[in-house]
Amino acid sequence: MTTTSTTTSPVTKQHTVIDSPYGPLTLVADDGVLCALYMSDQRHRPPQETFGVPDPEPFGEVIRQLTEYFAGERTDFDLPLNLAGTPFQRSVWAELLKIPYGETRTYGELAGELGRPGASRAVGLANGKNPVGIIVPCHRVIGASGSLTGYGGGLDRKQRLLAFESGGRQDGPQPLF
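Residues numbered from 1 in each chain as written. Predicted model: local features only at pLDDT ≥ 70, side-chain atom pairs only at ≥ 80, totals over all residues. Heavy atoms only, no water.

### With respect to the packing of helix 2 (residues 87-96) against helix 4 (residues 120-128)
What describes two packed helices is the angle between their axes and the distance between those same axes. Condition: Axes here mean lines fitted to C-alpha atoms, for a helix over just the part in contact, with angles spanning 0 to 180 degrees between N-to-C directions. A helix here means a DSSP run of H or I that spans at least four residues, while a strand means a run of E at least two residues long, and both kinds are numbered starting from the N terminus. Throughout this description, any angle smaller than 35 degrees is read as roughly parallel, any larger than 145 degrees as roughly antiparallel, any in the 65 to 115 degree range as roughly perpendicular, and the remainder as oblique. Contacts are assigned to residue pairs with any non-hydrogen atoms lying within 4.5 Å of each other. Three categories are distinguished: nonpolar for Ala, Val, Leu, Ile, Met, Phe, Trp, Tyr, Cys and Pro, charged for Asp, Glu, Lys and Arg, and polar for the others, with Gly belonging to the last.
Between helix 2 and helix 4, the shortest axis-to-axis distance is 9 Å and the interhelical angle comes to 80 degrees. Judged on the interaxial angle alone, helix 4 and helix 2 are roughly perpendicular. Contacts between helix 2 and helix 4 involve Phe88, Gln89, Val92, Trp93 and Leu96 from the first element and Ala122, Val123, Ala126 and Asn127 from the second. Here the contact of helix 2 with helix 4 is built from residues that sort into seven nonpolar, two polar and no charged.

Spelled out as structure tokens, the structure:
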């Protein structure tokens, strides 16, 4: 997966909304590169008017890979991303991309991987600001006790995503389309 940081040049934003087993997903692109995936009622979701013009064209590959993921045929994503955030946030999000499908890490473990073992709360805050949920798998981060703590898309979705990835599909998603 390729990640780039946002530049200061003018950007053309586009968005589209797709159905998913977890409710509608709003995909947002800067100049054709995915920069956000928001769930309905997601914490830290910007206002709709910041998403740019409706245009499904830049999202064909994103939709294809999400469809494969929800069908249980894909365990990681291979998409260019344009993740806007602080250097620390981007380092946390890069670390999230290393968590294998079906596995979890604690906030403290991520802080340790970043060489900042005392920064578990800062890792949690950065995790919560992840603009590309599911694809950048912030749902795979849990509390030190193994509890499901915080998720911008809601704890129910987090629990369902983790159950889905661990093979517990009885309450899990159905095919995307």
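### So, the pairing of strand 4 (residues 33-39)
A regular strand carries its side chains on alternate faces of the sheet. Applied cut-off: Only protein chains enter the accessibility calculation, which uses a 1.4 Å probe; a residue is then buried when its area is under 20% of its type maximum, exposed when over 50%, and partly exposed in between. Strands were regarded as paired on the criterion that DSSP finds at least two bridges between them.
For strand 4, a buried count of six out of seven residues is recorded, marking the element as mostly surrounded by other parts of the structure. Bridging between strand 3 (residues 25-30) and strand 4 involves six bridges; their strand directions are antiparallel. Looking at strand 4, one finds that Leu25 is bridged to Met39.

### Looking at the pattern of salt bridges
Stated precisely, the cut-off is as follows: What counts as a salt bridge is simple: a side-chain nitrogen of Lys or Arg found within 4 Å of a carboxyl oxygen of Asp or Glu.
Tallied over the full model, the rule gives six salt bridges. For the salt bridge of Lys98 with Glu95, the shortest nitrogen-to-oxygen distance reads 3.4 Å. Across the salt bridge formed by Glu165 and Arg140, the nearest N and O atoms sit 2.8 Å from each other. Within this pair, whereas Glu165 is found in helix 5 (residues 155-165), its partner Arg140 is found in the loop between helix 4 and strand 8 (141-142), the two being separated by 25 residues in sequence. For the pair Glu165 and Arg140, a shared accessibility class is recorded, and that class is buried. Salt bridges linked by common partners bring Glu61, Arg64, Glu68 and Arg74 together as one network.

### A word on the packing of aromatic side chains
Put simply, the rule reads: Working definition: rings of Phe, Tyr and Trp (its six-membered ring) pair if their centres are within 6.5 Å, and the pair is stacked with planes under 30 degrees apart, edge-to-face with planes over 60 apart, and tilted otherwise.
Summed over the entire model, instances satisfying the criterion amount to six aromatic pairs. Taken together, Tyr22, Tyr69, Phe70, Phe77, Tyr101 and Phe164 form an aromatic cluster joined through their ring pairs.

### A word on the pairing of strand 2 (residues 13-18)
Bridge count for strand 2 against strand 3 is six bridges, and the pairing is antiparallel. Paired with His15 across the strands is Val28, a residue of strand 3. The hairpin formed by strand 2 and strand 3 contains six residues between the paired strands, and Gly23 there has a positive phi angle of roughly 100 degrees. Bridge count for strand 2 against strand 5 (residues 53-54) is two bridges, and the pairing is parallel. Directly across from His15, in strand 5, lies its bridge partner Pro54.

### Notes on helix 2
Each full turn of the α-helix corresponds to 3.6 residues, which orients residues three or four apart in the same direction. Going by this rule: Each direction from the helix axis to a C-beta atom contributes to the arc, which is the arc of those directions.
All of the buried residues along helix 2 are Phe88, Gln89, Val92, Trp93, Glu95 and Leu96. Seen end-on, helix 2 carries its buried residues on one side only, within an arc spanning 155 degrees. Looking at the packing, one finds that the buried side of helix 2 touches helix 3 (107-113), helix 4 and strand 8.

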